Amino acid sequence: MLRIAVPNKGSLSGPASAMLHEAGYRQRKDSKELVLVDGENEVEFFYLRPRDIAIYVGSGRLDIGITGRDLLLDSGANAEEILQLGFARSTFRYATTPGGVTDVKEFGGKTVATSYPEIVRRHLADNAVEASVVRLDGAVETSIHLGVADVIADVVETGTSLRNAGLEVIGEPILDSEAVVIRRAGAGGEDAAAEPKVQQFLRRLQGVLVARRYVMMDYDIRVEHVERAIALTPGLESPTVSPLHHEGWVAVRAMVPSREAQRIMDELYELGARAILTTGIHACRL
Ligand SMILES: Nc1ncnc2c1ncn2[C@@H]1O[C@H](COP(=O)(O)OP(=O)(O)OP(=O)(O)O)[C@@H](O)[C@H]1O
Ligand SMILES: O=P(O)(O)OC[C@H]1O[C@H](OP(=O)(O)OP(=O)(O)O)[C@H](O)[C@@H]1O
Ligand SMILES: [Mg+2]
């Protein structure tokens, strides 16, 4: 059985379970369930606090886990990222009140509040700055007004929390984060027995990512325009082109990125394509 850690709470939990469900795995229905065995797929899911996942995986107790890149880096665990999942995207940044410090180089002697103390300590050390780090569990934005810190380092997505707290970002992001699949560092070669199962799991999740990002596009076009049309819809390998009963016309089928589908449909129509259809992809293996 492949043993997989899944976030049990917070921003990562819902999207991670939804993705696993889309990949054909059983998922818990009750948020109090801590372990779930999916016997058919030979997988055991452990629902753990997002912050603890890298520790379990790094210790080798669990084969793989889903967590945030920022949590992985802060944990210092012996684990590495093996797939990016595209949700829970955020940046990790310094912020303070307007008129305050404007560069990490000015942090000497100041206090930085954060829920990610290891990332911050490393970043300060890389910049040769001596500052105190205070670890808080959450709602870090409030710490400056309450006099606990001069600067914060926190997760920023839309920036709404910072704005609401009257804070401004300082400098460039310390890092970009998103949900990732992790495994013990170097485990690929070492634990050859689990390898085919890990690879199958990754292929399933990659299939979900592709199914979410692409749609299937079909259209009919006159033979003389087919080359220009195909330049718009090259597909992943190459599009399927089939003759139509109506002479001089062909049917084309290709995967296109869903975000570009409407623009491509407009351009195909201009080229003379007709009966242009897009269909969702439910699952795929590339
Ligand atoms: N607003 C947000 N937008 C996108 N990602 C976020 C957001 N808040 C937290 N994350 C990401 O979620 C992960 C942290 O998950 P965690 O469950 O510890 O915190 P949380 O989602 O803030 O939940 P809570 O604070 O309610 O426990 C990190 O990878 C972080 O980058
Ligand atoms: O840039 P934004 O879109 O506002 O998102 C970022 C905020 O979201 C998270 O907070 P959360 O709501 O999880 O509360 P917490 O601070 O208690 O973790 C994070 O810690 C930031 O505060
Ligand atoms: Mg939070």
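Nothing here was measured: the structure is a model prediction, and the numbers come from that model.

1. Some details on the site of ligand 1
Inference 1: Near ligand 1 there are 15 residues, and of these Gly10, Ser11, Gly68, Ser90 and Glu157 occur at the shortest range.
Inference 2: Of all elements in the fold, only α1 (10-22) and α3 (69-75) reach the threshold of two or more residues within the shell around ligand 1.
Inference 3: Sorting elements by how many residues they give to the shell around ligand 1 places α1 first, with 3 residues.
Inference 4: A per-class count over the shell around ligand 1 returns 5 nonpolar, 6 polar and 4 charged.
Inference 5: Viewed by domain, the shell around ligand 1 spans two of them, domain 1 (2-87 + 179-193) and domain 2 (90-177), each represented by three or more residues.

2. Some thoughts on the environment of asparagine 78
Inference 1: Counting through the fold element by element, asparagine 78 comes out in the loop between α3 and β5 (79-84).
Inference 2: When the 15 C-beta atoms within 10 Å are taken as the criterion, asparagine 78 is described as partly exposed.
Inference 3: Taking the C-alpha atoms as reference points, asparagine 78 and threonine 102, separated by 24 residues in sequence, lie 34 Å from one another.
Inference 4: For asparagine 78, the residues in contact, after removing those within four places along its chain, are Gly58, Arg184 and Ala185.

3. Remarks on the site of ligand 2
Inference 1: Around ligand 2, the neighbouring residues are Gly138, Ala139, Val140, Glu141, Asp154, Val155, Val156, Glu157, Thr158, Gly159, Thr160 and Ser161.
Inference 2: At the level of secondary structure, the elements contributing two or more residues to the shell around ligand 2 comprise β9 (151-156) and α5 (160-164).
Inference 3: Of the residues forming the shell around ligand 2, the biggest block, 3 residues, is contributed by β9.
Inference 4: Among the residues making up the shell around ligand 2, the classes are represented as 4 nonpolar, 5 polar and 3 charged.

4. Some remarks on the sheet that holds strand β10 (residues 168-177)
Inference 1: What the 5 strands build is an open sheet, ordered β8-β7-β9-β6-β10; its pairing is mixed. Each having just a single partner strand, β8 (132-135) and β10 make up the two edges of the open sheet. Going from strand to strand, the sheet's axes swing by 25 degrees on average, the running direction of each strand aside.
Inference 2: Pairing geometry for strand β6 (residues 90-96) and β9, over 5 bridges, is antiparallel. By the bridge assignment, tyrosine 94 is partnered in β9 with alanine 153.
Inference 3: On top of the sheet, helix α4 (residues 117-126) reaches β6, β7 (111-114), β8, β9 and β10; it is set at about 170 degrees to β8, its chief contact.

The rules behind these values
Residues numbered from 1 in each chain as written. Chains lettered and ligands numbered in written order. Predicted model: local features only at pLDDT ≥ 70, side-chain atom pairs only at ≥ 80, totals over all residues. Near = placed C-beta within 6 Å. Helix = DSSP H or I, 4+ residues; strand = E, 2+ residues; numbered from the N terminus. Nonpolar A, V, L, I, M, F, W, Y, C, P; charged D, E, K, R; others polar. Domains from an automatic or database assignment. Buried ≥ 20, exposed ≤ 12 C-beta atoms within 10 Å, placed from the backbone. Contact = placed C-beta atoms within 7 Å. Pairing = 2+ DSSP bridges. Axes fitted to C-alpha atoms, helices over the stretch in contact; angles between N-to-C directions.

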